[in-house]
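# Notes for the structure review
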Amino acid sequence: MKPYLQKLSSGHSLERDEMRRAVQEVFLEETTESQIACFLTLLKMKGETVDEMTALVEVLREKAMPVMSTMPDVMDNCGTGGDGSQSFNISTTSAFVLAGAGVKVAKHGNRSISSKTGSADVLEHLGISLDFQSHEIEKLLNESNIAFLYAPFVHSGLKRVMNIRKEMKIPTIFNLIGPLTNPVHLETQLVGVFRRDKLETVARVLHELGRKRAIVLNGADYMDEASLAGENHLVLLENGELTSLTLTGEDVGLPHYSMDEIRGGDARENARILQEVLEGKPGAYTDTVLLNAGIALYAHGKASTFTEGVKLARESIESGRANETYQSVVHFSRQRRKQVI
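Attention here is on the structure that accompanies the text.

Cut-offs used in this document
Residues numbered from 1 in each chain as written. Predicted model: local features only at pLDDT ≥ 70, side-chain atom pairs only at ≥ 80, totals over all residues. Heavy atoms only, no water. Pairing = 2+ DSSP bridges. Helix = DSSP H or I, 4+ residues; strand = E, 2+ residues; numbered from the N terminus. Axes fitted to C-alpha atoms, helices over the stretch in contact; angles between N-to-C directions. Core = buried A, V, L, I, M, F, W, Y, C linked by side-chain atoms within 4.5 Å. Buried < 20%, exposed > 50% of the residue type's maximum accessible area, 1.4 Å probe, protein only. Contact = heavy atoms within 4.5 Å. Expected span 1.5 Å × (residues − 1). Phe/Tyr/Trp six-rings, centres within 6.5 Å; stacked < 30°, edge-to-face > 60°.

Here we take up the sheet that holds strand S2 (residues 104-109). Here seven strands make up an open sheet; going across it, the order is S3-S2-S1-S4-S5-S6-S7 and the pairing mixed. Edge strands, defined here as strands with exactly one partner in the open sheet, are strand S3 (146-150) and strand S7 (241-247). Each strand axis lies, on average, 15° off the axis of its neighbour in the sheet, ignoring direction. Bridging between strand S5 (residues 213-218) and strand S6 (residues 232-238) involves six bridges; their strand directions are antiparallel. Counterpart to arginine 213 in the pairing with S6 is glutamate 238.

Before going further, it helps to examine the nonpolar core. Ranked by internal contacts, the top residues of the largest apolar core, which has 75 residues, are Phe96, Ile128, Ile215 and Ile295. Not counting residues up to four positions away in its chain, the partners in contact with isoleucine 215 are Gln189, Leu190, Val191, Leu234, Val235, Leu236, Ile295, Tyr298, Ala299 and Phe306. In terms of nonpolar packing, the next biggest core, distinct from the first, is built from 44 residues, Leu14, Phe39, Phe174 and Val205 among them.

Its identity is not glycine, yet tyrosine 222 carries a phi of approximately 65°, on the positive side. Among the structural elements, tyrosine 222 can be located in the loop between S5 and S6. Taking the relative accessible area as the measure of exposure, tyrosine 222 reaches 48% and is therefore partly exposed.

This next bit is on helix H13 (residues 284-300). Counted at 1.5 Å a residue, the expected span for H13 with its 17 residues is 24 Å, and the 24 Å between its end C-alpha atoms agrees. For H13, the tally of buried residues reaches 16 of 17 residues, placing the bulk of the element in the interior.

Quick look at the environment of leucine 5 now. Inspection of the secondary structure assignment puts leucine 5 in helix H1 (residues 2-9). We classify leucine 5 as buried; its relative accessible area is 13%. Leucine 5 sits 164 residues away from lysine 169 along the chain, and the two C-alpha atoms are 20 Å apart. Residues within four places of leucine 5 in sequence aside, it is in contact with Gln35, Cys38, Phe39 and Leu42.

What follows deals with the packing of aromatic side chains. Inspection of every chain in the model, using the stated rule, returns five aromatic pairs. When the ring of phenylalanine 88 is compared with that of tyrosine 285, the centres are 4.9 Å apart and the planes differ by 75°; the resulting orientation is edge-to-face. With phenylalanine 88 in the loop between strand S1 (74-76) and helix H5 (90-100) and tyrosine 285 in helix H13, this pair connects stretches of sequence that are 197 residues apart. Its relative accessible area of 23% is what places tyrosine 285 among the partly exposed residues. Here the aromatic rings of phenylalanine 96 and tyrosine 326 are separated by 5.6 Å at their centres, their planes lie at 80°, and the arrangement is edge-to-face. Placement of the pair is phenylalanine 96 in helix H5 and tyrosine 326 in helix H15 (residues 321-340), with a sequence separation of 230 residues. For phenylalanine 96, a relative accessible area of 0% corresponds to the buried category. Classification of tyrosine 326 as buried rests on a relative accessible area of 5%.

Keep in mind these numbers describe shape, not what the thing actually does.
Shown next as structure tokens:
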């Protein structure tokens, strides 16, 4: 690690090949925890580049649990977390709406980072398994249009790094690249980030990773989700070109809500909210999901405008397809547990 630490400490960025070699060193037992912490700190102080982020993601995906999905048009709508908004599980709820609208979703997620409840926490409470194997992910994508990939299970080799990050107690490059490390081949993606200054950087990384189309967004009040509380900032990646956009709820016919109106709670509370949204209960939670699912449908290309995306999302809920999708994943999880017993 010494040459990479020396270069970073001088304020110089690592080339992509250098970053790949440095990340490989992170996985070696002889690399000390203090060296890894120093490496992450220096990257943060200097500012992470597109090449550095891309190289890290490439190595992590190579070392992840292999998922042999060859299906086209699979997307993810995972956010980075870290916005401190204490909102309910917006992207997890939206994922079922996307699947109900006919989009195949490989939903990457983790436990709580800055909110009370992460996607894995609420899924676990709902009875959905967190340890789907590769063949089960393929089966779920085929039959239910949705599969969940629990990050610590998929990236089991990162356990030591995760412990170091917890001890550091500061955001690092890993807080930015989490949604990008999905081992499923994705053609499209919606990524919410907690740092507005990283919108274009993350979009360029997505291009380097081969995404055909994607949207990176930072919401009103700097959420890593789109919010109905004000102006959302987006960067659209299409055919290698980046376009900056702003979007409000009013632009797509949705009302204004304050941030307090979309706060969540513990796993039990957020699971209740998710179920009520999928059952079509009107209000701030459902409208926020309609906005986020609508943006994701536009990112995927299923919708030609954001307004059409919101319309398709609403149809997914009102037709019952989103709830049926949720019920099918719960049933699949129950059946697999019976087989284990």
